[in-house]
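Inside the fold
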Amino acid sequence: MASPMRSLVTNPARYLQSFRLFLANSTEHQCMREFMERQLPAVIASIGNEKPTINILSVGGGAGEIDLLILSKVQASYPGVTINNDVIEPNADQISKYKERVAETSSLKNIKFTWHEETSYEYESRMNAEKKSKKWDFIHMIQMLYYVEDVPATIQYFHSLLEAQGKLLIILVSETSAWNPLWKKYGSSFPLDDLCSYVSSADIKRILDSAGLKYQLYELPSHMDITSCFVEGNEDGELLLDFLTETCEFSKTAPPELKRQVMEELKKPECSEKKDGKVLFNNNLSVIVIEP
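Residues numbered from 1 in each chain as written. Predicted model: local features only at pLDDT ≥ 70, side-chain atom pairs only at ≥ 80, totals over all residues. Heavy atoms only, no water.

What to know about the overall build of the protein
If you tally the helices and strands in the protein, you get twelve helices and twelve strands. By the compact-globule yardstick of 19 Å for 292 residues, the protein fits well, its C-alpha radius of gyration being 19 Å. Projecting the C-alpha coordinates of the protein onto the three principal axes gives extents of approximately 60 × 45 × 40 Å. A fraction of 82% describes how many contacts in the protein between residues 6 or more apart in sequence connect residues 24 or more apart. Both charge centroids of the protein, one from 31 positive and one from 41 negative side chains, sit 3 Å from each other. (Helix = DSSP H or I, 4+ residues; strand = E, 2+ residues; numbered from the N terminus. Rg over C-alpha atoms; globule rule 2.2 N^0.38 Å. Contact = heavy atoms within 4.5 Å. Lys, Arg positive; Asp, Glu negative; His and termini not counted. Charge placed at Lys NZ, Arg CZ, Asp CG, Glu CD.)

Topic: the sheet that holds strand 11 (residues 278-282)
The three strands are arranged 8-11-10 in an open sheet whose pairing can be described as antiparallel. Because the sheet does not close on itself, it has two edges, and the strands there are strand 8 (223-225) and strand 10 (272-275). This sheet shows a mean twist of 30° between the axes of neighbouring strands, independent of strand direction. As paired elements, strand 8 and strand 11 share three bridges and run antiparallel to each other. Considered in strand 11, the bridge of H223 is made with N282. (Pairing = 2+ DSSP bridges. Axes fitted to C-alpha atoms, helices over the stretch in contact; angles between N-to-C directions.)

Side note on the packing of aromatic side chains
Using the criterion set out here, one finds 18 aromatic pairs in the structure. The interplanar angle of 85° and the centroid separation of 6.1 Å between the aromatic rings of Y15 and Y147 together place this pair among those described as edge-to-face. With a gap of 132 residues between them, Y15 in helix 1 (residues 12-25) and Y147 in the loop between strand 5 (136-142) and helix 7 (151-159) connect regions that are remote in the sequence. Looking at Y15, the relative accessible area reads 16%, which means it is buried. A centroid spacing of 6.1 Å and a plane angle of 20° characterise the contact between W183 and Y198, whose relative ring orientation is stacked. Of this pair, W183 sits in helix 8 (residues 179-186) while Y198 sits in the loop between helix 8 and helix 9 (201-210), placing them 15 residues apart in sequence. (Phe/Tyr/Trp six-rings, centres within 6.5 Å; stacked < 30°, edge-to-face > 60°. Buried < 20%, exposed > 50% of the residue type's maximum accessible area, 1.4 Å probe, protein only.)

Listed below in C-alpha cells is the structure:
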C-alpha cells in the first residue's frame, strides 16, 4: 500500500507556515545576523574594489530579511556605489514579502532590485538558452541547496559566474547539527519526492575539495525550541515536526512506529539538550565562503 506521507514541499502554504514557525522558534536568523555584523565586512572587503557598480546575486532569497542585512553591509563598505541586486526565488508569496520589505526600508538608495520568480535550475537553463553569462561580485545561497537536484553542478555553475574578486557564500546546516543524525537515520523513510535532499557542510566540503576550490569555513552555533513537538495535538508542535521531517502532516500520516522512533530520536543528546524545561534541538549552521 502506498504511504499517505507527502513531502512538505508539495504544500507551499503549509511549508511557509512551518518555515516561519521554525524561524520564530530558532536562533537561525539571529546567528546569521551576528555573522553578517561581525564577519561579513571582511568577506566582502575586496569584492567592489574601484568599481562604479557592484552586482549581487541572491539565490533563494526568500522574503529578504537576510538579503537586506547583507546589502546594508555592502553599502557601508562601499558608500555611494550603485548596487544591482538580482534575486532568484521560486515562491511568489516570498517575493511579495520581499518587495514589501524593500518598500518599507528607506536606506536602499543606489540599489536596483530585480526579482526572478524561478528556481536556480530554471534560471541557469534560461541564461544558457539566452546565451547570457552575467558575472557577479557577490553570490549568496542561504539555506537553499537542499532544494536543488544536482548540488555539485549548481555550485559549479554559480561559481563560474564570479568576477575575479568575487565571492560565493553558502549557508546550510552544519555536520555538527542534529539534522545530521536525524536525517542519516530516517531520511530514507521521509517522502522526499526528489524535491528536497539532505546536505550538510560535510557534503559541500567534499564537493569543493574534489573540485580543488579554495574556501573558508565558519561555524554558527544555533538551536531550535521543539518543546511543543512533545505536546500531543499541539498545532505548533505538529508544524515543527513537519519542518524537521520535510513531511506534510507528519504526526497524522507517518506510520506509528516511525513516529515513535523519530520522537525518541529528537529527545536524544545527539539531537537536543534539555534546558529550563525546554527541549532545544541543535540547529548549528556552517558558512562557507568560496574564492573565484
